[in-house]
Amino acid sequence: MKTIDWTRDELVAYILLFAANSDFKEDNKERNVIISKVDMDTFQEIHDEFDNDNDYQSIKKIMASLEQHNYDKDDVELLMADIKSLFFSDGEFNINERNMLKSLNRLFKTL
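Source: prediction; values computed, not measured.

A.B. asks: I would appreciate a short explanation of helix α5 (residues 73–88) in the present structure.
C.D. replies: For an α-helix the count is 3.6 residues per turn, leaving residues at separations of three or four pointing the same way. With 16 residues, α5 should reach 22 Å at 1.5 Å per residue; the first-to-last C-alpha distance of 23 Å fits that figure. Taken as a whole, α5 has its buried residues at D75, V76, L79, M80, D82, I83, L86 and F87. All buried residues of α5 lie within an arc of 160° about the axis, which places them on one face of the element. Summarising the geometry of α5, the exposed residues directed more than 90 degrees from the buried face are K73, D74 and L78. Buried positions along α5 lie against α1 (8–20), α2 (28–37), α4 (55–68) and α6 (95–108). Capping the start of α5, D72 holds a side-chain oxygen 3.1 Å from the backbone nitrogen of D74, two or three residues further along.

Spelled out as structure tokens, the structure:
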């Protein structure tokens, strides 16, 4: 895969968008959590890119960018904490979100 030219903020925004869409809906509370981590321009730019990608492309981009930014165990733990707070932001932690959390946790352990 070609090099992904994202900043760390863009990577975080993309991962959080990917997670937020695990239950096929992205509500305002989840958007607000993402925007609290990155600025609005970054959010919109990454959202546009995310909307054009399928799940396979998203995972490939995420993993390539995590490696490019040399994410280590501590970085991944912080990222997982952000994902958990995103999932709980709407007061609901449904089965799709639980499955996404498990999947991302397994995927990120390969780093």
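Okay, back to it.
A.B. asks: Explanation requested: the nonpolar core in the structure shown.
C.D. replies: Ranked by internal contacts, the top residues of the largest apolar core, which has 33 residues, are I15, I34, L66, L79, I83, L104 and F108. Elements that contribute at least two residues to this core include exactly α1, α2, α3 (40–51), α4, α5 and α6. Tallying contributions element by element places α1 first for this core, with 10 residues. Beyond its immediate sequence surroundings of up to four residues, I15 is in contact with I62, L66, L79, I83 and F108.

A.B. asks: Before we go on, may I ask you to explain the packing of aromatic side chains in this structure?
C.D. replies: This model, assessed by the stated rule, comprises four aromatic pairs. Ring plane angle 35° and centroid distance 5.9 Å describe the contact between F87 and F93, whose orientation is recorded as tilted. Overall, F87 belongs to the buried group, its relative accessible area being 0%. A residue is classified by how much of its surface remains accessible, and F93, at 23% relative accessible area, is partly exposed. Judged by centre distance (4.7 Å) and plane angle (35°), the ring pair of F88 and F93 falls under tilted. Each residue in the set W6, Y14 and F50 is aromatic and connected to the rest through ring pairs, giving one cluster.

A.B. asks: Looking at this structure, how should I read a negative patch on the surface?
C.D. replies: A surface patch of negative charge is lined by D9, D39, D41, E45, D48 and D51. Considering every element that reaches the negative patch, the biggest residue donor is α3, with four residues. Relative to the assigned elements, D41 resides in helix α3.

Conventions adopted
- Residues numbered from 1 in each chain as written.
- Predicted model: local features only at pLDDT ≥ 70, side-chain atom pairs only at ≥ 80, totals over all residues.
- Heavy atoms only, no water.
- Helix = DSSP H or I, 4+ residues; strand = E, 2+ residues; numbered from the N terminus.
- Expected span 1.5 Å × (residues − 1).
- Buried < 20%, exposed > 50% of the residue type's maximum accessible area, 1.4 Å probe, protein only.
- Arc of directions from axis to C-beta.
- Contact = heavy atoms within 4.5 Å.
- Polar contact = N/O pair within 3.5 Å; in protein donor to acceptor, adjacent residues only side chain to side chain.
- Core = buried A, V, L, I, M, F, W, Y, C linked by side-chain atoms within 4.5 Å.
- Phe/Tyr/Trp six-rings, centres within 6.5 Å; stacked < 30°, edge-to-face > 60°.
- Patch = residues over 30% accessible without salt bridge, like charges linked within 9 Å, V, L, I, M, F, W, Y side chains within 5 Å.
- Areas by Shrake-Rupley, 256 points an atom, 1.4 Å probe, with all protein chains shown as cover.
- Salt bridge = Lys/Arg side-chain N within 4 Å of Asp/Glu carboxyl O.
- Lys, Arg positive; Asp, Glu negative; His and termini not counted.
- Charge placed at Lys NZ, Arg CZ, Asp CG, Glu CD.

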